Amino acid sequence: MKVLITAGPTREPIDPVRYLTNRSSGKMGYAIANAAAHAGHQVLLISGPTALDVPEGVDFLQIESAEEMYQAVADYLPRMDAGIFAAAVADYTPAVVPEQKIKKSDDSLTLKLVKTKDILGSAREIMGFRGFLVGFAAETENVEENAKLKLQKKGCDLVVANDVSRRDIGFDSSDNEAILVFRDRTELFEKAPKHDLAMYIVSMIGGAGVTTFK
Ligand code: CTP
Ligand code: CA
């Protein structure tokens, strides 16, 4: 199968020398790219800046901002059989980016932010994607309930939900525990190395659950 994977954080420019970002290490998405390549899939990894090496045998596109990630996904997703959206995409980006560095002046500084495009949420209706669609849900409360809402809203076949308030899993950790919400069932994947969860997710994309999204 041809599999597109998004990974890592995005960087939203504030001015030529500053940006907004988040705590994503990219480890989960890169582990999925590695597992998918080992399973014999043709993999395109679209990633924000991380400290990780690109897994062997994987096609790679580096982007910075949410807008750049959106454009890259829109270009390639229609040719893919599966999409796995592990990136921690910024939800807001500075409304205007001055060409010059912002100089320090007043005691406080207010930045106006505007919403970014929801890349995963655009896969079905805007990009016309009909393949197997996997989203992630980063939650600090009501994990399963919020993941079910995201599955519906974004037209996913599977949402992998993490409790990101836990220090021992998620973000920079090498381990993960997840609630896997499918359309017809929910499974708990107990705490294990991200590599194990990655292999499990990859085993699901080729499975029986071919999408029924209308
Ligand atoms: N996502 C995306 N584009 C965005 C925001 C999120 O593709 N602009 C994807 C993420 O890669 C993830 C899923 O949507 O697969 C859910 O991301 P998450 O941050 O948990 O949810 P949001 O829909 O952004 O809602 P909120 O942050 O308010 O919980
Ligand atoms: Ca978000």
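Now for a look at the structure at hand.

So, how was this worked out
- Along every chain, residues carry numbers that run from 1 in the direction the sequence is written.
- Each chain gets a letter, beginning with A, and each ligand a number, beginning with 1, in the order they are written.
- Owing to the predicted nature of the model, reporting of local features is limited to residues with pLDDT of at least 70; listing and counting of side-chain atom pairs is limited to 80 or more, with chain, interface and lining totals taken over all residues.
- Side-chain calculation: all heavy atoms of the structure are included, whereas hydrogens and water are not.
- Note: two strands are recorded as paired if DSSP finds a minimum of 2 bridges between them.
- The secondary structure listing takes helices from DSSP runs of H or I that are at least 4 residues long and strands from runs of E that are at least 2 residues long, numbered from the N terminus.
- Here the axes come from fitting lines to C-alpha atoms, over the contacting stretch only for helices, and the angles between their N-to-C directions go from 0 to 180 degrees.
- Residue contacts follow a heavy-atom distance rule, with two residues in contact if any of their heavy atoms lie within 4.5 Å.
- We call a set of buried residues a nonpolar core when its members are Ala, Val, Leu, Ile, Met, Phe, Trp, Tyr or Cys and they connect through side-chain atoms within 4.5 Å of each other.
- Think of it in three bands: with a 1.4 Å probe and only protein chains considered, a residue is buried below 20% of the maximum accessible area for its type, exposed above 50%, and partly exposed in between.

1. Details of the sheet that holds strand S12 (residues 186-193)
Move 1: Read from one edge to the other, the open sheet built from eight strands follows the order S5-S4-S1-S6-S9-S10-S11-S12, with strand pairing classed as mixed. Strand pairing shows two members of the sheet lacking a second neighbour, strand S5 (59-62) and S12, which therefore form its edges. The average angle at which neighbouring strand axes cross in this sheet is 20 degrees, direction not considered.
Move 2: Pairing of strand S4 (residues 42-47) with S5 involves four bridges; the strand directions are parallel. Considered in S5, the bridge of Ser-47 is made with Gln-62.
Move 3: Together, strand S1 (2-7), S4, S5, strand S6 (82-85), strand S9 (132-139) and strand S11 (175-182) form the strand contacts of helix H1 (residues 27-38), whose direction differs from that of S4 by roughly 165 degrees.

2. Examining the nonpolar core
Move 1: In terms of nonpolar packing, the biggest core is built from 33 residues, with Ile-5, Ile-32, Ile-84, Val-160 and Ile-201 touching the most fellow members.
Move 2: Among the elements that make up this core, the one with the highest residue count is H1 (eight residues).
Move 3: Here Ile-5 is in contact with Gly-29, Ile-32, Ala-33, Ala-36, Val-43, Leu-44, Leu-45, Ile-46 and Ile-84, once residues within four sequence places are set aside.
Move 4: Counting residues in each nonpolar core, the second largest holds 27 residues, with Leu-44, Leu-120, Leu-133 and Val-159 among its members.

3. A few points about the pairing of S11
Move 1: Burial runs high along S11: six of the eight residues are buried.
Move 2: Pairing geometry for S11 and S12, over six bridges, is antiparallel. Looking across to S12, one finds that Val-181 is bridged to Thr-186.
Move 3: The loop that links S11 with its antiparallel partner S12 comprises three residues.

4. Examining the environment of Ala-90
Move 1: Its location among the elements puts Ala-90 in the loop between S6 and strand S7 (92-94).
Move 2: Classification of Ala-90 by relative accessible area gives buried; the value is 12%.
Move 3: Linking Ala-90 and Ser-65, residues 25 residues apart in sequence, is a C-alpha distance of 8.1 Å.
Move 4: For Ala-90, the residues in contact, after removing those within four places along its chain, are Thr-10, Glu-12, Ala-66 and Thr-116.

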